[in-house]
Amino acid sequence: MAVTSSSDVAILALGVVLAAAYLFRDSIFSSSTPKAVPVAPSKLANGHGNPRDFVAKMKEGKKRLIIFYGSQTGTAEEYAIRIAKEAKTKFGLTSLVCDPEEYDFENLDQVPEDCCIFFVVATYGEGEPTDNAVQLMQNLTDSSFEFSNGEHKLEGLKYVVFSLGNKTYEHYNEIGRQVDAELTKMGAVRIGERGEGDDDKSMEEDYLEWKDGMWAAFAEAMGVEEGQGGDTPDFAVTELESHPPEKVYLGELSARALTKTKGIHDAKNPYASPVKAARELFQLGGDRNCVHVELDIEGSGITYQHGDHVGVWPLNPDVEVDRLLCALGLYDKKDTVINVDSLDPALAKVPFPVPSSYICVLRHYIDISAVAGRQILGALAKFAPSPTAEAFMRNLTSNKEEYAAVVGNGCFKLGEVLQLAAGNDINARPTPQNTTAWAIPFDIVISSIPRLQPRYYSISSSPKLNPTSVHVTAVVLKYQSVANKLVNPRWVYGVGTNFLLNVKHASNGETAPLIANAAGQEPANVSVPVYAIEGPRGSHKVEEVYKIPVHIRRSTFRLPTNPRSPVIMVGPGTGVAPFRGFVQERVALARRTVEKNGPEALADWGQISLFYGCRKSTEDFLYKDEWSQYASELQGKFTMHCAFSRESPYKPDGSKIYVQDLIWDDRKNIADAILVGKGYVYICGDAKSMSKAVEEVLAKVLGEAKGGSDADGAAEIKLMKERSRLMLDVWS
């Protein structure tokens, strides 16, 4: 009898298994997932199921308008929503309000003929689109980009443009103008004039002046008549008799904050950062404040780079919260829990987490501290408690000059305007007894007042020296209003910086000093605004440590990677903040370089020059004691040039010396650093006057060095900007 080897048995068994597998292959290898079914071309073309197809969404929702917003801080989005609401109220037309980052634009040419596209776009930085509009602008400006028609054409597409900018910047409303030009070039048809809002003066007034003419042209082009809409509410506010307290938002900015669960910290989920240190940077006893705050980010997962910005989420001050509660007749029910539902989610999303309470909505979530807009006053006039109050409101709404003189110059917030209209004393601490109640539905308040936004500050530290903390340097905003026929001059306080000042006082156990009122009356009897800095449920105070909700916003404001490149930094006042971070960055690199290569390792480094200015060396010289230490560690590679505008020496004619004067004095070294050393220039601070003056003197310096004119220098400046060798971080 033959003996069968083990290998033969194995081969035979494998053959049986494979044969069986082949015979029963359909049963064995069938997946639980159904087989893919080819989609009919018509279904693909219509875009069903594609969340990035805005044309399909328009058709499915029977929307005749789509409004794209390019927004960096939320303002353009607010105006986009306002336009949508007005279209609904005036003409009964519903809109799709969209973030362009969430959609594709290949089928922009498929927008139906009876529809219209609005572009509400802000210009950011040096004439750049906002982050969420980058792809949109690339598609519009790239002539090789093809729409579904196979061409870069949009024949007959109806569109409207409202652009947001600031005239103190060189590239005023550049993106809105580009959108308009590119669409016109592709054969699209603009309805009405292009709107341009100037944030340096009054975005609100520019919008109001533009919109009436635009809507008239819109009605004619779209074949619609005004009066077909209705004054319908955006939200339904419901008071809840019982709700689990732990599920009520009392100022928490995200669901993770409410439930205390871990997650990534960003603009949608800010981190409550413990304050490691807080101190005054100006000379004590002066009438101004500048706070230095160190925020602890250890263990948070947050990282940052030099030149980034930190977003600080403030509160509204207690007095304004109480004022509006009283004016709305809600003071006695301020803690009542409410839910808010959107009656048209495509048009108006609930702008804050719910359920919440009346007081928490006013304190944490909507911007009641902003100057009251003229349009909102008109919407509230019909709820006036008396004919006199109604007439007061309607006069402000219809009379632009009166509004500017009273509300604009007086810097009146909504609560204050309601008190003034009703004849109440706005200087008294508001109470239900001294404040007339208006019967304004709370849903209108939510619809009319934008969300309270974070305030951004240039980070004044480097992660190379401060890996677990973010430093903030902020001058506390306090200024006098212009006198008008109703109220004498008074102090006006910035929300974000006075919130930081409150935290600084509390962190150090300090008592806020009283100040004289703006009219100069003595003795000092005016207190700075007080904020509920302990946070929701006291979560922003642990023992004696306070916390501030923050997130990081990335920036391209960066040092060159090669330390051999010369660097010129111009930052008077708090414009020096990012440059403290820049210098710290170079100090950290110097330490590593010297440790690795010896004491002569910095010999071939480029010169780092900082042009700084303030009033007096003894009053407001920021980080005065630090700069010499940095200079020592950088072994002569760091030089600081200081202009003290209220301290001698002055110019021969007695006028003040500013940073631009120091640049001119050092023009030979600056021209050499830029033209020969291919150096980099950074400007941070005031955009309205300082930044322009610095660019003008730089153009003069470079024009002279090249043997040409100021125009030649300006051309060099333009080239440097294009090559990111001249960068700005400025504000107005």
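Presented here is an overview of the structure given in this document. (Residues numbered from 1 in each chain as written. Predicted model: local features only at pLDDT ≥ 70, side-chain atom pairs only at ≥ 80, totals over all residues. Heavy atoms only, no water.)

Considering the sheet that holds strand β22 (residues 638-644)
Put simply, the test is: We call two strands paired when DSSP finds no fewer than two bridges between them. We count a stretch as a helix when DSSP gives it H or I for four or more residues in a row; a strand needs E for two or more, and each element gets its number in order from the N terminus. An axis is simply a line fitted to the C-alpha atoms; with a helix, the fit covers only the stretch in contact. Between two such axes, the angle follows the N-to-C directions and lies from 0 to 180 degrees. Contacts are assigned to residue pairs that have any heavy atoms within 4.5 Å of one another.
The five strands are arranged β22-β21-β20-β23-β24 in an open sheet whose pairing can be described as parallel. Lying at the two open borders of the sheet, with one neighbouring strand each, are β22 and β24 (726-731). Neighbour to neighbour, the strand axes of the sheet diverge by 10° on average, direction disregarded. The sheet contact formed by strand β20 (residues 567-570) and strand β21 (residues 608-614) spans four bridges and is parallel. Within β21, the residue paired with Val570 across the bridge is Phe611. Seen against the sheet, helix α22 (residues 690-705) touches β20, β23 (680-686) and β24 and runs at an angle of roughly 150° to β23.

Focus: the sheet that holds strand β8 (residues 235-239)
As summarised here, the arrangement of the three strands in space is β8-β12-β13, forming an open sheet in which the pairing is antiparallel. The outermost strands of the open sheet, each flanked by one partner alone, are β8 and β13 (356-357). Sheet topology places β8 next to strand β12 (residues 337-342); five bridges connect them, and they run antiparallel. In the sheet register, Glu239 faces β12, and the bridge partner there is Ile338.

Points about the packing of helix α10 (residues 318-327) against helix α15 (residues 414-421)
To be explicit about the condition: Roughly parallel means an angle under 35 degrees; roughly antiparallel means over 145; roughly perpendicular covers 65 to 115; every other angle is labelled oblique. Throughout, a crossing is termed right-handed when the near helix is turned clockwise from the far one, and left-handed when it is turned anticlockwise from it by less than a right angle. Each residue is assigned to one of three groups, with Ala, Val, Leu, Ile, Met, Phe, Trp, Tyr, Cys and Pro labelled nonpolar, Asp, Glu, Lys and Arg labelled charged, and all others, Gly among them, labelled polar.
With their axes 8 Å apart at the nearest point, α10 and α15 run at an angle of 45° to one another. It follows from the interaxial angle that α10 and α15 lie oblique. When you trace α10 past α15, the crossing you get is left-handed. Along the contact surface, α10 presents Glu320, Arg323, Leu324 and Ala327, while α15 presents Leu414, Gly415, Glu416, Leu418 and Gln419. By residue class, the composition of the contact of α10 with α15 is four nonpolar, two polar and three charged.

Structural notes on the pairing of strand β15 (residues 469-475)
This is how it is decided: Relative accessibility decides the category of a residue: with a 1.4 Å probe and only protein chains considered, values under 20% of the type maximum give buried, values over 50% give exposed, and everything between is partly exposed.
The buried fraction of β15 amounts to six of the seven residues, a majority that puts the element mostly inside the structure. Relative to β15, strand β10 (residues 290-296) runs antiparallel, the two sharing seven bridges. Of the residues in β15, the one forming a bridge with His292 is Thr473.

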